[in-house]
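Given next are the chains, with one letter for each unit.
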Amino acid sequence: AAAVAHEVNNPLTGILGFAELLLSELQPDDPRHAEVVVIRDEAVRARTIIKALLEFARPRQPQRIPVSLNELASSTLELVRFRAHEAHVEIVEAYKDVPCLELDPDAVKQVLLNLFNNAIDAMPGGGTLRLTTEQVGDRVCVAVGDTGIGMDEETRSRIFTPFFSTRAAGGRGTGLGLPVSRQIVEGHGGTIEVESMPGRGAVFTVWLPASWEAFEGALLVPGVVPERAVEPGQSNAQTGAGERSSACLDVAA
């Protein structure tokens, strides 16, 4: 896959370069201008797919840099704030005290940015994007929830399959965002969980180990099956010891 992606990327570079050259020579009112714009935009989209394919085929080992997850999540959210405003999406943030984590900040930012954009895309008529962070036992979670269209069980079971996308053909989706995101999270010794129902939005919860050394050599942190969100005003103790993930799933409330 990586070899094919590399070979395809070379001619794409030429197509994109000459398309940009043509656009610089054509007046906006020239009927050919719009056609060249299509060539350029589709070349850019193809290059984006190739880049995602390379990231999926050649995952790199994550760096280990002490990072504040709250600050990383907050700064990444700023990158989509204007887009959320334009889409009539309200942003609600709830940060709790979490320990400093050893993360690859660029990689985790890519995961969060993908989840934020997916949440906005899932609310074409507007809605609420909720971001929460919290430590639960020996793990830290960051949950991204939306009040959008939601997913049925079949769609939910396929969202981490490469090239599967719920976006319309020709849209922004490559079908590699979530597979690459899961790969990054697993490289950090973590997991991604998702809860969703049609018409009731979705919650993606990223679980990361609070201490890297505790999970040294492990590919995955054993996951838990989320059962339900914490009801408003209900404490974590009231949810029961077997529902560790629900502390972050109140983002869907």
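Predicted, not measured: the structure shown is a model, and the values here were computed from it. The numbers attached to residues start from 1 for each chain and follow its sequence in the written order. Only residues with pLDDT of 70 or above have their local features reported here, since the model is predicted, and side-chain atom pairs are shown and tallied only from 80 upward, although totals for entire chains, interfaces and linings are computed over all residues. As a convention, hydrogens and water are excluded, and side-chain values are obtained from all of the structure's heavy atoms.

## Notes on helix H5 (residues 105-121)
Defined as follows: Helix numbers and strand numbers start at the N terminus; a helix is a DSSP run of H or I with at least 4 residues, a strand a run of E with at least 2. Helix span, as expected, comes to 1.5 Å for every residue beyond the first. Each residue's exposure class comes from its accessible area (1.4 Å probe, protein chains only) as a fraction of the maximum for that residue type: buried when under 20%, exposed when over 50%, partly exposed otherwise.
For H5, with 17 residues, the first-to-last C-alpha span of 24 Å sits near the 24 Å given by 1.5 Å per residue. The set of residues buried in H5 consists of Ala 107, Val 108, Val 111, Leu 112, Asn 114, Leu 115, Phe 116, Asn 117, Ala 119 and Ile 120.

## Remarks on the pairing of strand S6 (residues 191-196)
To keep things clear, this is the line we draw: In this analysis, strands are considered paired if DSSP registers two or more bridges between them.
Most of S6 sits out of view: five of its six residues are buried. Bridge analysis of S6 against strand S7 (residues 202-209) gives six bridges, and the strand direction is antiparallel. Along S7, the bridge assignment pairs Ile 192 with Val 206. Between S6 and the antiparallel strand that follows it, S7, lie five residues; Gly 199 among them carries a positive phi value of about 80°.

## A look at the packing of H5 against helix H7 (residues 177-187)
The condition is simple: Axis definition: a line fit to C-alpha positions, over the contact stretch in the case of helices; interaxial angles, taken between N-to-C directions, run 0 to 180 degrees. By definition, turning the near helix anticlockwise from the far helix through less than a right angle yields a left-handed crossing, and turning it clockwise yields a right-handed one. Contacts were defined at the residue level, with two residues in contact if any of their heavy atoms lie within 4.5 Å. Under the convention adopted here, Pro, Cys and the residues Ala, Val, Leu, Ile, Met, Phe, Trp and Tyr are nonpolar, Asp, Glu, Lys and Arg are charged, and Gly plus all remaining residues are polar.
As a packed pair, H5 and H7 sit with axes 9 Å apart at the nearest point and diverge in direction by 145°. In this structure, the crossing between H5 and H7 has a hand that is left-handed. When H5 is examined against H7, the residues Ala 107, Val 108, Gln 110, Val 111, Asn 114, Leu 115 and Asn 118 are found in contact with a partner set consisting of Gly 177, Leu 178, Val 180, Ser 181, Ile 184 and Val 185. When its residues are assigned to classes, the contact of H5 with H7 shows eight nonpolar, five polar and no charged.

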